[in-house]
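Breakdown of the fold
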Amino acid sequence: MVRNEVSISFKALSKVFVKGKKQIVALQDFSLDIKQGEIVCLLGPSGCGKTTVLRILAGLENPSSGDVLLVGKPIKKAGPDRGMVFQEFALFPWRTVRKNIEFGLEVKGVTPEKRSELSSRYIDLVGLKGFEDAHPKELSGGMKQRVGIARALANEPAVLLMDEPFGSLDAQTRNLMQKELLRIWAATGKTILFVTHSVDEAVFLADRIVVMTARPGMVREVIEVGLPRPRDRTSREFISVRGKVLTELDEEFEKARAKELSPD
Amino acid sequence: MSKTRGPLRKLKKLFSSRWLQIILGFTSIVAFVAVWAFVSWYLVESGSGNAPYVPGPRAVADAFFSSFTSVPILSDPEIGYYVTMWDLAESSLVRVMTGFFVGLLLAFPLGLLMGSLRIADDLGRPIVEMLRPIPPLAWVPMFLLIFGSFWGPAGIVFLGAFFPILLNVIFGVRSVDPTLVDAARTLGAKGHHIFVKVVMPATIPYLMTGVKIGLGVAWMCVVAAEYIGISGGAGLGYWINLSSIGHGLYSYTYAAMIMIGILSVLTTGLAGLLEQRFYKWSGMK
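Residues numbered from 1 in each chain as written. Chains lettered and ligands numbered in written order. Predicted model: local features only at pLDDT ≥ 70, side-chain atom pairs only at ≥ 80, totals over all residues. Heavy atoms only, no water.

**Focus: the side chain of Thr186 of chain B**
Within the element layout of this structure, Thr186 of chain B appears in helix 7 (residues 178-186). Residue Thr186 of chain B is classed as buried on the basis of its relative accessible area of 1%. In this structure, Thr186 of chain B is in contact with Ala58, Leu60, Ala78, Gly79, Pro80, Arg82, Met84, Phe86 and Asn155 of chain A, ignoring residues within four places of it in sequence. (Helix = DSSP H or I, 4+ residues; strand = E, 2+ residues; numbered from the N terminus. Buried < 20%, exposed > 50% of the residue type's maximum accessible area, 1.4 Å probe, protein only. Contact = heavy atoms within 4.5 Å.)

Shown next, in the form of structure tokens:
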């Protein structure tokens, strides 16, 4: 699946938020290369800037300094070559499942015939057949996120950016959706950058796990998971990788907590 | 156990059902009419000077129904000229609808503009904040003098409906979920796409709130505006004034008041129905 060409390249990315007189350094000198077809999970304590990395890549925010390259070309603004999946689903409540999925195609000016052909393909892919005409409020959380994924994929983006996409789902649905995502990934070969809080999720999904430091966010450690798929969460190897990630992360959690207790 | 449970449950079901709601609603109306009848009777019996001002339900009902064939004073049977409640209601209704729709047609786009463009808000806001605190009714004399018997009251209605719609739409635009806008942008939407495909549909529920408030205000406005002597295309407000202060036909005054209540409920109800249809069609609720 993973090819050797670089898909996404973060080069010394920094982001400073200005709140009144205070300057908050969210990201500092964040550098990372992601290969095509790779699944990379960003893991780190709250406020470490993982979502900021994703939003800069999506073009929803500008970096204070540094560059993001997508297949060698710098990113300036949001565009359909990077599909994003949101934790809160962000579906258009007045649109049906099909119409949600076709949103990007409409905007692009794709003809109605081609649109429905493409949306049907992705409805099938994510397992939403029979729900084409349902509205988001009629769907469960897991189903909503299937729509979110199909909507992002319908634009046929080079990369899929996922911001804690399963964070608001119950544990069972969450596990199921992780398997579904791997199935969809295998079928489409997309590069996936996945932000999560869950170590378990990261070890289950990722080719590589990027553990970030507490604010200001930097790359602390990149861990190769190196386990064959499908992965067994109860296997010794899985638990050992999980332990390694947890140790790294715990130190950062401690640092984040210490910082919270003694503010600058 | 089951023997007593069966009927008990039936009874419980009956009392929690829609029927109970209807029965209770009906009871409260009957009670209201009874109190009204009693007050009217008591005033007559006690020889109160206020007795003529509170005709009983029977007299008002008679006046109400007979008004649909003709109302006194305005009609002239000798030449076969009859003015009915329908005519009065129509005059008022046309004024209300005219003023209301002009208000809607201006307030919706203006609200979208002021809600989404900073410069439009900076330009419009001072004028809105200057004019809005002036009650629409304060404009009545000047509007009647300037715009006459049709556009005068319609203009007052316009003022009454315009501001609630405008403010609700502005609020609606500002309440659009920013993650929906983010989602649209990552799907390749440009500014105008976001406006048409995200901001506008997301604002419609707020528009409908404004419409319902605006319609209620519209009826208040038209009555007051007509009240100050408009004989050309006499409406309900004019008839309320003429029948009471002018001629002491108080039953007819109350009859006209009831008619206004009915019309206001009908138009607001229609807007509510439209709103529900929209929600059903759009799947938002």
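Moving on from the coordinates now.
**Points about the interface of chain B and chain A**
If you look at the interface, chain B gives 20 residues, while chain A gives 26 residues. Counting each side, the surface lost to burial between chain B and chain A is near 2000 Å², with a carbon and sulfur contribution of 66%. Contact with chain A buries area across many residues of chain B, yet Thr186, Leu187 and Lys197 of chain B alone supply 34% of it, more than any other trio. Here chain B is connected to chain A by 2 salt bridges. (Buried area = accessible area lost by both parts, 1.4 Å probe. Salt bridge = Lys/Arg side-chain N within 4 Å of Asp/Glu carboxyl O.)

**Quick look at unusual backbone geometry**
Trans is the prevailing form of peptide bonds, just as negative phi is the prevailing case for residues other than glycine. All names here are of chain A. Of note, the bond from Arg215 into Pro216 is cis; its omega dihedral lies within 30 degrees of zero at -5 degrees. Mapping Pro216 onto the fold places it in the loop between strand 9 (208-212) and strand 10 (219-224). The omega torsion of the bond from Arg229 to Pro230 falls at -5 degrees, within 30 degrees of zero and hence cis. If you check the backbone angles, Ala12 has positive phi at about 45 degrees while not being a glycine. Assignment of secondary structure puts Ala12 in strand 1 (residues 6-19). Taking relative accessible area as the criterion, Ala12 reaches 32% and is therefore assigned partly exposed. For Val71, which is not glycine, the phi torsion reads 45 degrees and is therefore positive. Within the element layout of this structure, Val71 appears in the loop between strand 4 (65-70) and strand 5 (73-74).

**Here's the deal with the pairing of strand 8 (residues 191-196) of chain A**
For a regular strand, side chains alternate in direction, first toward one face of the sheet and then toward the other. All names here are of chain A. For strand 8, a buried count of 6 out of 6 residues is recorded, marking the element as mostly surrounded by other parts of the structure. What you see with strand 8 is no split at all: Thr191, Leu193 and Val195 on one side and Ile192, Phe194 and Thr196 on the other are buried throughout. The sheet contact formed by strand 3 (residues 39-43) and strand 8 spans 5 bridges and is parallel. From the neighbouring strand, Leu43 faces strand 8, where its bridge partner is Thr196. In this structure, strand 7 (residues 159-163) lies alongside strand 8, joined through 5 bridges in parallel fashion. Bridging from a neighbouring strand, Leu161 pairs with Leu193 of strand 8. Read as a crossover between parallel neighbours, the route from strand 7 over helix 6 (residues 171-188) to strand 8 is right-handed. (Pairing = 2+ DSSP bridges. Right-handed = clockwise from strand over helix to strand, strands pointing away.)

**A closer look at the nonpolar core**
Within the largest apolar cluster, 95 residues are counted, with the highest numbers of intra-cluster contacts made by Phe10, Phe30 and Leu193 of chain A together with Val198 and Leu236 of chain B. It is helix 6 (residues 140-174) of chain B that contributes the most residues to this core, 14 residues altogether. Once residues within four sequence positions are removed from consideration, Phe10 of chain A is found in contact with Phe30, Ser31, Leu32, Asp33, Ile34, Val53, Leu57, Asp67, Val68 and Leu193 of chain A. Within the second largest apolar cluster, 51 residues are counted, among which are Leu43, Ala202, Leu205 and Val245 of chain A. (Core = buried A, V, L, I, M, F, W, Y, C linked by side-chain atoms within 4.5 Å.)

**A few points about the sheet that holds strand 7 of chain A**
Residue and element names in this part refer to chain A. Read across the open sheet, the 6 strands follow the order 6-7-8-3-9-10; overall the sheet is mixed. Across the chains shown, the open sheet's two edge strands, defined by having one partner strand only, are strand 6 (82-85) and strand 10. Within this sheet the neighbouring strands show an average axis-to-axis angle of 20 degrees, counted without direction. (Axes fitted to C-alpha atoms, helices over the stretch in contact; angles between N-to-C directions.)

**Observations regarding the packing of aromatic side chains**
Both the distance between ring centres and the angle between the ring planes are used here to describe each pair of aromatic rings. All names here are of chain B. By the definition in use, this model includes 20 aromatic pairs over all chains. Plain terms: the ring middles of Phe38 and Tyr42 are 6.1 Å apart, the flat faces sit at 25 degrees to each other, and that makes the pair stacked. Taken as a pair, Phe38 and Tyr42 lie in helix 2 (residues 18-45) at a separation of 4 residues, close to a single helical turn. Relative accessible area serves as the criterion here: at 47%, Phe38 is assigned to the partly exposed category. Every member of this aromatic cluster is reached through a ring pair, and the members are Phe64, Phe65, Phe68 and Trp86. (Phe/Tyr/Trp six-rings, centres within 6.5 Å; stacked < 30°, edge-to-face > 60°.)

**Some remarks on the packing of helix 5 (residues 118-131) of chain B against helix 6 of chain B**
All names here are of chain B. The N-to-C vectors of helix 5 and helix 6 enclose an angle of 145 degrees; their axes lie 12 Å apart at closest approach. Taken as a pair, helix 5 and helix 6 cross one another with a handedness that is left-handed. Residue-level inspection shows Asp121, Arg125, Val128 and Leu131 of helix 5 in contact with helix 6, the latter providing Phe163, Leu166, Leu167, Ile170 and Arg174. A breakdown of the residues in the contact of helix 5 with helix 6 according to their chemical character gives 6 nonpolar, no polar and 3 charged. (Left-handed = near helix turned anticlockwise from the far one by under 90°. Nonpolar A, V, L, I, M, F, W, Y, C, P; charged D, E, K, R; others polar.)

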